[in-house]
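Residue strings, one per chain:
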Amino acid sequence: MGKITLVFILLCICVVLSVARPRRRPGAGHERKWGHGRLEGHGRHASPSFDPFMGPHSSETSDSSEEWGRPQRGMKHHGFGNRFEIGPGMFGLGFGGEFGLPKFELDLDWGNFDDQDDQNWWEGPNVCYTQSEKLENVTEITSHFRFHSVICDVSDTTYKCSNTRHTPRGKMVLTEVYECCVGFTRKPEEFGCQEEVPLSSIPDLLETLGLTELTSLLGSVGLSSEVLASDNNNFTVFAPSNEVLAKFVLPALQRHGGVDVMKDIGSVEIVSQEISDSVIEDTRNILLGHVAVGRLTSSRLTDDMIVETASPLKSSIRINTYEQPKKLVTANCKPITSTDNIAINGVVHVVSDVLMPVTSSLLDIVKKNPELSFLKTVLGSSHRAATLREPGSYTLFAPTDAAFKKHADLLNRLLGDDKCMGNILQNHLLPNVICSSVIEGRAQTKNSLGRALQMSRDKDNKLYVEGAQIIVKDLMATNGVIHVIDDVIIPDESLNILELASKKNYSEFFKLVERAGLKKDLALAENITVFVPSNEAVKSLPAKVLAEVMSDVELLKKTLKYHVVPDLFACRGLYNNKLLDTLEGTSLRINEYSTFPFGREWLQTVQCASFEAETIKGCNGNILVVNKVGTGSVIASYVASRSSEMF
C-alpha cells in the first residue's frame, strides 16, 4: 500500500509542475524538437540548406488550416542556448495531425523561474512576423507513419523556420519569419528590437554607407532619382564597393573602342557621343542587374535561390549560402560583405564585386570559349551535353585545350566511347554550386560519380582541385558556375583494366599480361572481373618456375585467363561457396569465414587467396586484388608437379 501511495504522490507532483509552461530561453546554435522536430542552425545544409521556397513577396497571415503556429507542450532541457523537447509523436505515441487520431503527451515543464530573461528575443517589441505557404501536390513514398520537420535559422535580427509536413494532399512547406521591423534593430542579448534606426531612401543610404562610386554611376544613368528614390515600391540593391566600381568604368569604355585618355589631365576620358550613349545604356543595364523588386532581407535569401533582376538583359542573381569550410553568403559567387542595410524603400546588401549579367548556360559558355574547344568536342559526342544546358545547380571544372593535350592518346581513344568519356565528364561535374571564395585550406565535395574531390587553397592563394590548378574561377551561368583548370581529372572509371593496373602500380601483373600478348584482349573486353595478384604474390613464386612459365606463352595465357571472369563482380556481391566461371574454362570458389558470434572478424577468399583491397572499378571491368596467384591455376599445378626439382 505504501508503494502505491508514493507513486500516486509523485504523479500528482508531476501534474502540478506541468501546469506552468516555461518561456523559451534565447539561444544560438542548434535546436531540435522531436516529434515536431526542429533544427536550428546557421547557413548551409550539411548537404543543401533550406528549400528555397521564400520568394520576394510573402503573404502576412495569422491563421492556417494546418495550425502551424499552435504551441506544443513537451519535455524541455535548457542549457547553453540549446533545447531538446519530447513532444507529441515520441516513442510512437503521437498519431495526430492529418489522420485525426488521439495524441498522448508527456509534459514535465518545470515552471517559469524567470520572465523576460527566459523569453526568446523575437517575442519582444518591434518584431514583425511574416509567413508564406507552398503546397506541392505530390505524394512522396516515405518510410514513416508521420512526417513533420522544422528547420530554423537564428541571427541577431532574424528568426526563421521552414516547416515541412507530408500530408495525404502532398508536401506542405510553411516558412515563418520573425525579424526586426523596418526602422528598428537590436543589440545582442536585447529583448525584442529596441534600437530605433533613422531611415532614408536608397540613394541617401548608399551615400551614408560610403558607396559614392555607385551613387555617382546611378545618377549618371538616371537611376538614382528616377527609380531608386521612389517610395512607390521596395527594392533590393546588391551594391559593389567603391574599389571594384572604379576598376569597372574604364574597361567598359575600352570594350566599345574609341577611348582617348588625355595624359595631361589625368583620368578624364574623351569619347564620341555614339560611344558615350552606348556605354551609358550598357552601364544602366548592368546596374539594373544589381536591383531586384521587393525587400529581400537576409532572412529571405536561401541557398540556390534565383533572384530575378530589373535588367532588360533578363539576368538573374544566384544566391548561395555556406556553413563550412567557412560561413559565407554569395551573390553570383561574389561574397556579400554586409547585409540588411535598411532603407525606407528597400534594403542594400554590399557585395565584393560587380555582378555582370548572367544569361548563358554552362554549355553556352563552353561553346563560346576558344580555350575550351576540345571540351566542346567531347561534349558534342556525349549525350550528357544536355545536362549542361538544362536548368539546375552545377559546378563544372573545365579543362583547357592544353590540359587535354597532356593526355592526348587516352582521350583520343575515348572519344568514341560514350561510357568511358562520360565518366570523365561526370568526374568534372558537381551536383551543386561551389564558389571559389568558400574554399579555405583543404576541403572536399562529391562529384556526379559519387567520388570525393579534394579542393585546396595554398599560402599563395592558388586554388587546386585534385592537383589541377584553377586558372579562371567563378564563370557564372544560369545553371551553375565554371572553374577553368589546367589539367584533366581522370577517374578510375574511365580507364580500362590494363590502364587501371598500371595506374595502381600492379606492375608484375602487367608484365605477365604483356608477355602473354593479352593486352589488346583485356583492353577491349567488356564487363569483366580480373583477380589481379599483387606484386608480392607474383614475386613469391619460385624464380625458376616463374622464368620457365614466362618462356611458355601458352602456359602463361592459360594462367592469366584463370584469373578473368567474363562478368562484373564486386567484393560485396560475392558470397560463400559461390562459383565463378573463368575464361580458362574452370571455376573459382568464393569462401567466407567469420568469428561470429564470438567476434566481428570476417574474411573473404577466392581459391583460398584473400582480398587485399576494395573493388577497383574501371571502365570495362573491375579489379579484385588477391594475395596469391590462383591456387587452382595451371601455373599452380605446374609448381606442384615440379616441386621435387625446385627444392
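Details of the structure are given in the entry above.
Residues numbered from 1 in each chain as written. Predicted model: local features only at pLDDT ≥ 70, side-chain atom pairs only at ≥ 80, totals over all residues. Heavy atoms only, no water.

Caption draft 1: Local environment of the overall build of the protein. Counting secondary structure elements, the protein contains 19 helices and 34 strands. Across the protein, contacts joining residues at least 24 apart in sequence account for 64% of those joining residues at least 6 apart. When the accessible surface of the protein is totalled, it reaches about 32,700 Å², and 54% of it is carbon and sulfur. (Helix = DSSP H or I, 4+ residues; strand = E, 2+ residues; numbered from the N terminus. Contact = heavy atoms within 4.5 Å. Areas by Shrake-Rupley, 256 points an atom, 1.4 Å probe, with all protein chains shown as cover.)

Caption draft 2: How the structure looks around the sheet that holds strand E28 (residues 564–565). With mixed pairing, the four strands of this open sheet are ordered in space as E28-E27-E34-E33. Because the sheet does not close on itself, it has two edges, and the strands there are E28 and strand E33 (616–617). Note that strand E27 (residues 528–533) and E28 share two bridges and pair antiparallel. In the strand pairing of E28, Val530 is matched with Val564. (Pairing = 2+ DSSP bridges.)

Caption draft 3: How the structure looks around the packing of helix H16 (residues 543–551) against helix H17 (residues 553–561). The interhelical angle for the contact between H16 and H17, taken along N-to-C directions, is 105 degrees, at an axis separation of 5 Å. By the angle class used here, H16 and H17 are roughly perpendicular. Contacts between H16 and H17 involve Val549, Met550 and Ser551 from the former and Val553, Leu555 and Leu556 from the latter. Classifying every residue of the contact of H16 with H17 gives five nonpolar, one polar and no charged. (Axes fitted to C-alpha atoms, helices over the stretch in contact; angles between N-to-C directions. Parallel < 35°, antiparallel > 145°, perpendicular 65-115°, else oblique. Nonpolar A, V, L, I, M, F, W, Y, C, P; charged D, E, K, R; others polar.)

Caption draft 4: Structural context of unusual backbone geometry. For the bond running from Gln324 to Pro325, omega is 0 degrees, close enough to zero to count as cis. One can find Pro325 in the loop between strand E16 (316–322) and strand E17 (328–331). Positive phi, close to 50 degrees, is recorded for Gln607, a residue that is not glycine. With respect to the helices and strands, the residue Gln607 is situated in the loop between strand E31 (602–606) and strand E32 (609–610).

Caption draft 5: Broad picture of the state of the cysteines. A complete count under the given rule lists five disulfides for this structure. A sulfur-sulfur distance of 1.9 Å marks the disulfide that ties Cys128 to Cys181. Measuring handedness by torsion sign, the sulfur bridge of Cys128 and Cys181 sits at about 115 degrees and is right-handed. One end of the pair, Cys128, is in strand E5 (residues 127–136); the other, Cys181, is in the loop between strand E8 (170–180) and strand E9 (184–185), and 53 residues separate them in sequence. Note on Cys128: relative accessible area 34%, which makes it partly exposed. According to the relative accessible area criterion, Cys181 is buried, its value standing at 16%. (Disulfide = S-S within 2.5 Å. Buried < 20%, exposed > 50% of the residue type's maximum accessible area, 1.4 Å probe, protein only.)

Caption draft 6: Highlighting helix H8 (residues 373–380). What H8 keeps buried is the set Leu375, Val378 and Leu379. All buried residues of H8 lie within an arc of 100 degrees about the axis, which places them on one face of the element. Lining the buried residues of H8 we find helix H7 (362–368), strand E20 (394–399), helix H9 (401–405) and helix H11 (418–427). (Arc of directions from axis to C-beta.)

Caption draft 7: The sheet that holds E32, seen in detail. Read across the open sheet, the four strands follow the order E29-E30-E31-E32; overall the sheet is antiparallel. Of all strands in the sheet, those with a lone pairing partner are strand E29 (579–581) and E32, marking the two edges. Alignment of E31 against E32, held across two bridges, turns out to be antiparallel. When the bridges of E32 are listed, Thr605 appears paired with Ser610.

Caption draft 8: Fine view of the nonpolar core. The biggest cluster of nonpolar side chains holds 58 residues, and the ones touching the most others in it are Leu375, Leu379, Ile482, Phe509, Leu560 and Ile623. Setting aside its immediate chain neighbours within four residues, Leu375 contacts Val366, Ala398, Pro399, Asp401, Phe404 and Leu425. Residues Leu217, Ile286, Val291 and Val348 belong to the second largest nonpolar core, which totals 24 residues. (Core = buried A, V, L, I, M, F, W, Y, C linked by side-chain atoms within 4.5 Å.)

Caption draft 9: A look at the pattern of salt bridges. Under the defined criterion, the tally for this structure stands at 11 salt bridges. Here Arg451 ties to Asp492 by a salt bridge, and the two come within 3.9 Å at their closest N and O atoms. Of this pair, Arg451 sits in the loop between strand E22 (442–446) and strand E23 (452–457) while Asp492 is found in the loop between strand E26 (480–485) and helix H12 (497–503), placing the two residues 41 residues apart along the sequence. Taking relative accessible area as the criterion, Arg451 reaches 33% and is therefore assigned partly exposed. Of the charged contacts, one joins Asp492 and Lys504 as a salt bridge, the two residues approaching to 3.1 Å between their closest N and O atoms. Of the two residues, Asp492 sits in the loop between E26 and H12 while Lys504 sits in the loop between H12 and helix H13 (507–516), which places them 12 residues apart along the sequence. (Salt bridge = Lys/Arg side-chain N within 4 Å of Asp/Glu carboxyl O.)

Caption draft 10: Spotlight on the packing of aromatic side chains. Here the structure, examined in full by the defined rule, presents six aromatic pairs. The interplanar angle of 10 degrees and the centroid separation of 3.6 Å between the aromatic rings of Trp122 and Tyr159 together place this pair among those described as stacked. Of this pair, Trp122 sits in the loop between strand E4 (82–86) and E5 while Tyr159 sits in strand E7 (residues 158–167), and the two are 37 residues apart along the sequence. Comparing Trp122 with Tyr159 shows no difference in burial state: the two are buried. Considering the side-chain rings of Tyr129 and Tyr178, the 4.8 Å spacing of their centres and the 50 degrees angle between planes classify their relative orientation as tilted. Of this pair, Tyr129 sits in strand E5 while Tyr178 is found in strand E8, placing the two residues 49 residues apart along the sequence. Judged by its relative accessible area of 24%, Tyr129 is partly exposed. Tyr178 sits in the partly exposed class, given a relative accessible area of 26%. An aromatic cluster is defined as three or more aromatic residues linked by ring pairs; in this entry it consists of Trp121, Trp122, Tyr129, Tyr159 and Tyr178. (Phe/Tyr/Trp six-rings, centres within 6.5 Å; stacked < 30°, edge-to-face > 60°.)

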